[in-house]
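Per-entry structural report
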Number of protein chains: 2
Amino acid sequence: MLLVTSATLPMLLAAGGHGAIGPMLVALAFILVGAKLFGELAERLGQPAVLGELFLGMLLGNLPLLGGPDVSAFGSSEAFVVLSELGAILLLFHVGLESTPKEMLAVGGRALLVAMVGVVTPMALGFAVGEWLRPDESWMLHAFLGAMLAATSVGITARVLKDVGALRTPFARLILGAAVIDDVLGLLILAVVSGIITAAQSGVALAPQALVLIIVKAVLFLVGALVVGSLLSPRVFRGALALRSAGVVQALALGGCCVCAYLALQAGLAPIVGAFAAGLVLEEVHFEGHVQRGDRPLHASLEPLIALFVPVFFVRMGMLVDVRSFGDLSVLGFAVVLTTAAVVGKLACAWAVPRGMSGLSVGLGMLPRGEVGLIFAGIGAQLMLGGRPVIDPGTYAAAVFMVIVTTLLTPPLLLAALRRHPPTP
Amino acid sequence: MLLVTSATLPMLLAAGGHGAIGPMLVALAFILVGAKLFGELAERLGQPAVLGELFLGMLLGNLPLLGGPDVSAFGSSEAFVVLSELGAILLLFHVGLESTPKEMLAVGGRALLVAMVGVVTPMALGFAVGEWLRPDESWMLHAFLGAMLAATSVGITARVLKDVGALRTPFARLILGAAVIDDVLGLLILAVVSGIITAAQSGVALAPQALVLIIVKAVLFLVGALVVGSLLSPRVFRGALALRSAGVVQALALGGCCVCAYLALQAGLAPIVGAFAAGLVLEEVHFEGHVQRGDRPLHASLEPLIALFVPVFFVRMGMLVDVRSFGDLSVLGFAVVLTTAAVVGKLACAWAVPRGMSGLSVGLGMLPRGEVGLIFAGIGAQLMLGGRPVIDPGTYAAAVFMVIVTTLLTPPLLLAALRRHPPTP
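Below: a short report on this structure. Note that this is a predicted model, so its numbers are computed, not measured.

1. A few points about the nonpolar core
Where a protein is soluble and globular, its nonpolar side chains tend to be buried together. The biggest cluster of nonpolar side chains holds 294 residues, and the ones touching the most others in it are Phe 93 of chain A together with Phe 93 of chain B. Among all residues touching Phe 93 of chain B, those that are not within four sequence positions of it are Ala 253, Leu 254, Cys 257, Ala 275, Phe 276, Ala 278, Gly 279, Leu 282, Leu 298 and Leu 302 of chain B.

Here it is as structure tokens:
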């Protein structure tokens, strides 16, 4: 019997499209207010606010351990994931805005060197850990372990630099440039190693032209975005002076950011790399005419958007942490060794840092693996080699442990290093 | 054979969670820039900007007719629907902010009268149209037709009033108060009529206590939100002065808006009703202390958020329009009669408007059915009576026609009426 009770109406409305908005409203209320409270708490403890948001996420993601409800289905729902990715995109766009392509090129050679060290050393160490602790497995699995350690998640470091107000320093440019190049290199290495494993599994040699195409597309995107973007941006804003309505700067800037992030995705890169490139290309002078005419300046538009979206990203990062993975003693040994390799491998970047800059700070800034590390581990868990997944459940738990530790350690350690050696503007 | 080519990497990344972000980035770029261009075009033609956004949506939703791609799957995807609903919620929150509970109560009695007329007349006319053109059908189907005509979508009218800068007038308060009450009454009537039909279908009488519970919950929510909210809001903001970080006003205000919208949903109402109530309750004086200390004022936070989210809502409303429904001559006659009943029924509100205000403007402001009308028609299409859907495909097409015409007619007609009789502040 279908009797319409007062409980049926929300159900009827859900059929009409109000279905997913309810949980999202609850989540946003928790994240908006919770991020403020936990961020403030972290800051009073001398930590960056982002650490508070990560802990809020860990709390929300592990509620069942405290007798609360399981919100993991919502945490991986399309709407929540998209909102959080928009947060990462807006953050990297904002970070890119603080520098110009010229300033980035000034540190470009050095950033490339730092990134190379930050990719090669963890790869070698990861490979060695595999040879040592998983000697019976194929060298390809060891290579995948190495690839997993090479990834960097630029979001955490960017956020810490923003929290301490150090974005406009050559130090920040070096570290962010290196982290973005590392992001690109990491994705290329993932593609190559996955390609080799998949080819071996299917008994066919890997087509070299496929690998070349991957690299060509990534480089074409980066060069194209910076060159074409630099030419296009001032012209578009000048042409848009024909529009009289308010909010033109916000619409065009965010529109360009979305286009660039989308093109990066099409080029096989992460959307945040495109958003960062869009931010680099866009200069305040491009829309000076609009602001003089009374339009809202871009930073006034971005701040409230960042305040809404970015905590969603970091809370989701925290929600991905399964604290039970800390408790499994059988994988803990492997996890500790893997994490040590991950930390030492990135701290080796200090070697490539020029005099007058804190090598330790740069190395710490490259530490966090964040969601990139989790994505890599997830792909490894899906790849098959000899009928078994490349990343078995034990190794996956160790990888998650490594991601958690490097991600959670970075904010406090980087902040402490920045306090000891404040970057010069 | 699974060979990793350059096309596989985006696929791998999609597995890692980048799946839904690509289409969203394209959509946001189109909507952000397109809404500005179409909005500007509409304004140059002397129309409100919202009309341009609706037309942009119609264009995007009917691309296949122009040989373009079909984006309807994206248009109904969870992430896009949630973003657009957040747009409607933010708009109504903003509209509510422009008035106080006291100001609303001052027009409350009159708004209730206008809303009653705006519900009873269309219901009666819809019932009569059913008796006349569908004489063989049950009276319950005729009642459902009437319920469908009673709905009002407050978003369009609120947006037009915002576009012309008339939100802070008694006229705006009367029309918005009436539209919100109408929204509530419409949902109650839908619940009652659906309940009667479902009960008849299952051969069981409708439990009267279920209907009473529906009404009690709605009234409890509205009274509770206004009373408890008015008491709570100043206390919460005063307590939050203990927090030192920036953005506290935005976090608390939006958090409160989300909570209120969620509670409205739980009470069987639309979330926008809750957002409107939250906006009414919140006064600038509550967070004066924060702003004096240097925190961003709420309007500075809301404007960029509204500029991003609200066009998504109106573009989606436009996307829901299937222009082919204008071409089916077999339903066109019924559609025209239904639409006439819908228009005349709401214009009857003019009768209840006090002297000194333009009755025509109020009636026109109550016209648009928007997404509420579509939701009602969709529920009717799912309800069964005697083995057939209450709203058959022909009636559904006629209902969609009625929704389209009332929604698209309102912005230009209301604007013209407001120009002839500008509301006094």
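2. Here's the deal with helix α2 (residues 21-44) of chain B
Residues and elements named next belong to chain B. If you check α2, its first and last C-alpha atoms are 34 Å apart, about what 24 residues at 1.5 Å a residue would give, namely 34 Å. Where α2 bends most, the angle comes to about 30°, and this point is Gly 34. Gly 46 occupies a position one or two residues after α2 and carries a positive phi of about 80°.

3. Focus: the packing of helix α16 (residues 329-347) of chain B against helix α19 (residues 393-420) of chain B
Residue and element names in this part refer to chain B. Closest axis-to-axis distance for the α16/α19 pair is 8 Å, and the angle between their directions is 45°. With respect to α19, the axis of α16 lies oblique. As for the relative orientation of α16 and α19, their crossing is right-handed in sense. On α19, the residues that touch Val 331, Leu 332, Phe 334, Ala 335, Val 336, Leu 338, Thr 339, Ala 342 and Val 343 of α16 are Gly 394, Thr 395, Ala 397, Ala 398, Ala 399, Phe 401, Met 402, Val 405 and Thr 406.

4. Here we look at the pattern of salt bridges
In this structure the tally under the stated criterion is 16 salt bridges over all chains. Between Glu 137 of chain B and Arg 388 of chain B there is a salt bridge; the shortest N-O distance is 3.4 Å. In this pair, Glu 137 of chain B sits in the loop between α7 (108-133) and α8 (139-150) while Arg 388 of chain B sits in strand β2 (residues 388-389), placing the two residues 251 residues apart along the sequence. Residue Arg 388 of chain B is classed as partly exposed on the basis of its relative accessible area, which comes to 49%. Each of Glu 53, Arg 159 and Asp 163 of chain A takes part in one network of salt bridges that share partners.

5. Focus on the relation of the copies chain A and chain B
The transformation that overlays chain A on chain B combines an axial shift of 0.1 Å with a rotation of 180°, and the residual RMSD is 0.1 Å. Both copies of the chain, as the preceding transformation shows, are related through a two-fold rotation axis. Among all C-alpha atoms of chain A, that of Ala 79 of chain A lies closest to the rotation axis, at 1.9 Å. Here 100% of the contact residues of chain A are again contact residues in chain B; the copies associate through an equivalent surface.

Calculation rules
- Each chain has its residues counted from 1, following the order in which its sequence is written.
- To label them, take the chains in the order written and letter them from A, then take the ligands in the order written and number them from 1.
- Only residues with pLDDT of at least 70 are given local features in this predicted model, and only at 80 or more are side-chain atom pairs given and counted; all residues enter the totals for whole chains, interfaces and linings.
- For the side-chain quantities, the full set of heavy atoms in the structure was used; hydrogens and water were omitted.
- Nonpolar cores were defined as sets of buried Ala, Val, Leu, Ile, Met, Phe, Trp, Tyr and Cys residues, with membership established by side-chain atoms within 4.5 Å.
- Type-normalised accessible area, obtained with a 1.4 Å probe on protein chains alone, sets the label of each residue: buried when under 20%, exposed when over 50%, and partly exposed for intermediate values.
- Here, two residues are considered to be in contact whenever any of their heavy atoms come within 4.5 Å of each other.
- Only DSSP runs of H or I with at least four residues qualify as helices, and only runs of E with at least two residues qualify as strands; both kinds are numbered from the N terminus onward.
- Expected span of a helix: the number of residues minus one, times 1.5 Å.
- The reported bend at a residue is simply the angle between two axes, fitted to the 7 residues ending at it and to the 7 residues beginning with it.
- Interaxial angle, 0 to 180 degrees, is taken between N-to-C directions of lines fitted to C-alpha atoms, where a helix line uses only the stretch in contact.
- By definition in this entry, angles of less than 35 degrees are roughly parallel, angles greater than 145 are roughly antiparallel, angles of 65 to 115 are roughly perpendicular, and the rest are oblique.
- Rotating anticlockwise by less than a right angle from the far helix to the near helix defines a left-handed crossing, while the corresponding clockwise rotation defines a right-handed one.
- Here a salt bridge means any side-chain nitrogen of Lys or Arg lying within 4 Å of a carboxyl oxygen belonging to Asp or Glu.
- The fit set for superposing copies consists of C-alpha atoms from residues with pLDDT of at least 70 in both; the fit itself is least squares.

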